[in-house]
Amino acid sequence: MKIAVLGAGGLIANRVVETVHLGGRGDVVAIVARENELPRPSRFGLETRIADMADASALTSALTGCDVALFAATDSAAVVEHTPSLVCQAAAAARVPRVIYVGSAFVHGRNPAPNTDETSLLQASSLLSADAAHASAERRFFAECQRLNLAGYALRPGIVYGPRSPFIATVAEDLAAGEAWLYRRGLGIFNGVYVDNLVHAILLCAEASNGAGQAYLISDAETVTWAELYLTASLELDISPRSLHDVQELPEFSPSWLDRAERAVASPVVQRALPLVPAALKQRTKSLLKAWNAPLSTETWSMPQPAQPRITPELGELQRAAWKFPFGRAHRVLGYLPPVKFAEGMRRSFAWWRFTRGETPPAY
Amino acid sequence: MHSHGDSVLPLVLIGCGAVSQRSYLPALRALQSAGRLRVTALVDDDERACHAMAQFFPSAQQTGTLDDVVAPAGSLAIVASGLDTRSDHLAIALARRWHVLAEAPISISTARAHALLETAKTQDVLFAVAHPRRFFPAVRYLRELCQDQPLGALLHIDMAEGGPLPRSAARPQAGVMLESGIHALDLLIWWLGEPQQMSYSDDAFGGFEINARAELIFGTDTTASLHVTRDWTSPQRYRFEFERGLAEWAVDEARQLTLQLSGTRAALRGELLAPLGNSSVRSSALASRAQCLHTQLAHVITAIRGGEALEISGEQTLAALQWVERCYARRRPLLQPWLTAEEQARLQTPLTETFSTLP
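What counts, and at which threshold
Residues numbered from 1 in each chain as written. Chains lettered and ligands numbered in written order. Predicted model: local features only at pLDDT ≥ 70, side-chain atom pairs only at ≥ 80, totals over all residues. Heavy atoms only, no water. Helix = DSSP H or I, 4+ residues; strand = E, 2+ residues; numbered from the N terminus. Buried < 20%, exposed > 50% of the residue type's maximum accessible area, 1.4 Å probe, protein only. Contact = heavy atoms within 4.5 Å. Areas by Shrake-Rupley, 256 points an atom, 1.4 Å probe, with all protein chains shown as cover. Buried area = accessible area lost by both parts, 1.4 Å probe. Salt bridge = Lys/Arg side-chain N within 4 Å of Asp/Glu carboxyl O. Polar contact = N/O pair within 3.5 Å; in protein donor to acceptor, adjacent residues only side chain to side chain. Core = buried A, V, L, I, M, F, W, Y, C linked by side-chain atoms within 4.5 Å. Domains from an automatic or database assignment. Pairing = 2+ DSSP bridges. Axes fitted to C-alpha atoms, helices over the stretch in contact; angles between N-to-C directions.

A. Representation of the overall build of chain A in the model. Assigned secondary structure in chain A consists of 14 helices and eleven strands. Within chain A, buried positions represent 49% of all 364 residues. For chain A, long-range pairs separated by at least 24 residues make up 81% of all intrachain contacts whose partners lie at least 6 apart in sequence. Just so you have it, chain A exposes about 17000 Å², and 55% of that area is on carbon and sulfur atoms.

Encoded structure:
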């Protein structure tokens, strides 16, 4: 099997590269959009190719000779919505018969209704904008696969955690800063999936003899609460779990003018116009916005406040979840069973985090 | 050595990319305005990079190849090209009897570096190496702390540096230890002399490493740990443990340090000033990063004219390259406990020798 991994420096794609190459599961072609993304795949002396997803000709050329193309959605809503079509068209032109798209389980919302599964309706109006973009992207993906006669598989993981995961970094930093929190004692469901479990599902799709044209929710085996997640993290980091704030009511979140500005910038129209804006002007605007958003200086009459919980709309919604995404369809059709247990996934995640802080012995 | 006396020094800039734009451009403009140099040629096979610099030096020749450059012997060439072409560019520049100021490392091998330095001697031209951090007041202050020991003997340095490449960065031409770690090694050697022992590990597996760890021993009592990375944003700081205090330096801060004296209840973070003197005169801040880059270039020009001895010659920086070569020759696989047992087994190679002493 020769698998083209787009965005090969990213969290999920990098782990696919490592797993396939080190495990001798096939040949990998690591594709990145820019040269600065080459370092991670370049550890292995693999074939690397550079192709921006917006450049159809380069993408087609990069995919040529491969049996499978894999790409994972990024966070930018504008990019997420249009990428699947571009990748499918390039795959068809390059005669790559199978495409795997890693989207998001949060197309069902971050606080899914009970009994949600792959067949549940996707209510875009009730979704955060990033999640609505994922829902739209997945629809486009399957439409293009059908039109172009490609075997398309879409995976819907929840929060992907593991080594190099921004989520683990945030948990660690919030705990260290005393800003970590639990909603109503953390009894909500943590809808996460350890990255190796997701990679296992990806490789099942790459090798499956059936099951194309469907989406699959992917999760860990265990039902884990947010309290269990943070307790495990606290133990790994040797931080007292008593530092966790217990939040009974979540604040009302209304988008700030900055949020609205960011969404406007993410729109396709603005994204197309951005290359025409001089780099210096973009830089000055970013600096201005950054300074504008800076916290006000502390009133000198006030005593220093203890650390406050850092609550974001996304995390607030996630912690309210009362339903664990199932993986029944993935099990029935693909034979998916998560190979890595939650405890082991957390151990490896924080082993990586400690390494980044210089706390690991260097060599074997 | 060729000297231009008081005449304006012709300058050839080889490599007009991010390093030149970020580090050399302000100093070049200032020194050209002051009449100390004149940028006569901009060399880069990337036309956009050339044009970007040409805005500031409109009368300079723009070309993609060194062969086309018109510059007399005794000119100064700044060689800031990529590692894949740097030593070739240096060889051509030296053959043209230009003095050179080269980005480090000057070559990927000490053999080639030696050959270049020999050529410079034969051609009777200056070979300077750019290590701007050595001009930072904070770095010089740390050297005094290490060598003069006002806080007692140095016990340990912990160095964590690096992060993902910026969006504009070109493809890496070597691993992180050669491209970035060499600067940290240069500072260590400048502060403490060459190490007595060193062990090294990285995560390369047929390609270029993105994480490199080195453990060093200096003399009998001083150890250092170095971690350079292109993988994840590091703490970007060097932490010094002395017998009677701690010092911390944020990487690339020119004049800021944090100090904590043993037995005191607080650390002090501040900006380095000129030494306190007459109480009625306020001490001024020492040089900023931009000023240090200017000083580095101005110093090389003065050295070319014979006005002062060159501070950072090619010979003086060879030790760091030699140690990087030793690292690569005797590397061990980096411990990566987040991988599966099978993957870790695949990455391990048996230890065939104990690397513990200088050759």
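B. Up close: the interface of chain A and chain B. Counting residues at the interface gives 38 residues for chain A and 38 residues for chain B. Taken together, both faces of the contact between chain A and chain B bury some 3500 Å²; the carbon and sulfur share is 57%. In this structure, the connection of chain A to chain B is made through four salt bridges. Among the ionic pairs, A:R164 bridges to B:D231, the shortest N-O distance being 2.7 Å. Contributing elements (two or more residues each) for the side of chain A that touches chain B: helix 1 (11-22), helix 2 (39-42), strand 3 (47-50), helix 6 (166-177) and helix 14 (342-356) of chain A. With seven residues, helix 14 of chain A is the single largest residue contributor to the side of chain A that touches chain B.

C. Highlighting the environment of A:Y153. All names here are of chain A. Among the structural elements, Y153 can be located in strand 6 (residues 151-157). When the C-alpha atoms of Y153 and R98 are compared, they prove to be 8.1 Å apart, with 55 residues separating the residues in sequence. From its side chain, Y153 meets the backbone oxygen of N210 in a polar contact 2.9 Å long.

D. Region of the structure containing the nonpolar core. Grouped together as the largest cluster of nonpolar side chains are 81 residues, with contacts concentrated most on A:W226 and A:Y230. It is helix 7 (residues 195-207) of chain A that contributes the most residues to this core, nine residues altogether. In this structure A:Y230 touches A:V171, A:L175, A:A180, A:W181, A:L182, A:L244, A:L315 and A:Q319, once residues within four positions along its chain are discounted. Counting 75 residues, the second largest nonpolar core, distinct from the first, contains B:L94, B:F127, B:F240 and B:L257.

E. How the structure looks around the domain arrangement of chain B. Residue and element names in this part refer to chain B. When cut into domains, chain B gives domain 1 (9-130) and domain 2 (134-286 + 320-357). Measuring from the centre of the C-alpha atoms in domain 1 to the corresponding centre in domain 2 gives 28 Å. Between domain 1 and domain 2 lies a buried interface of about 820 Å² when both sides are counted; carbon and sulfur atoms form 66% of it. It is L83, P105 and T110 in domain 1 that bury the most area against domain 2; as a group they hold 50% of the surface buried on that side. Summed over the shared surface of domain 1 and domain 2, the result is zero salt bridges. The interface formed by domain 1 and domain 2 includes two residue pairs in polar contact (both at pLDDT 80 or more). Contributions of two or more residues to the side of domain 1 that touches domain 2 are made by helix 3 (83-95) and helix 4 (110-123).

F. Here's a closer look at the sheet that holds strand 5 (residues 99-103) of chain B. All names here are of chain B. Spatially, six strands are ordered 3-2-1-4-5-6 in an open sheet, and the strand pairing comes out parallel. Across the chains shown, the open sheet's two edge strands, defined by having one partner strand only, are strand 3 (61-63) and strand 6 (127-130). Strand-to-strand, the axes of this sheet are offset by a mean angle of 20°, without reference to chain direction. Bridge analysis of strand 4 (residues 76-79) against strand 5 gives four bridges, and the strand direction is parallel. Bridged to I78 within strand 5 is L101. Helix 1 (residues 18-33) contacts strand 1 (9-14), strand 2 (37-43), strand 4, strand 5 and strand 6 of the sheet and is inclined by roughly 150° relative to strand 2.

G. How the structure looks around the pattern of salt bridges. Applying the stated criterion across every chain, the model contains 36 salt bridges over all chains. A salt bridge links A:R110 to A:D131; its shortest N-O distance comes to 2.7 Å. Remark: A:D131 occurs in helix 5 (residues 129-148) and A:R110 occurs in the loop between strand 5 (98-102) and helix 5; sequence separation between them is 21 residues. There is no split in this pair, since A:R110 and A:D131 are both buried. In this structure, the salt-bridge partner of B:E161 is B:R133, at a minimum N-O distance of 2.5 Å. Of this pair, B:E161 sits in strand 7 (residues 154-162) while B:R133 sits in the loop between strand 6 and helix 5 (137-148), placing them 28 residues apart in sequence.

H. Inspection of the pairing of strand 7 of chain B at higher detail. Strand direction decides the pairing type here: strand 7 of chain B and strand 11 (residues 237-242) of chain B, joined by six bridges, are antiparallel. Paired with B:M159 across the two strands is B:Y238, which belongs to strand 11 of chain B.

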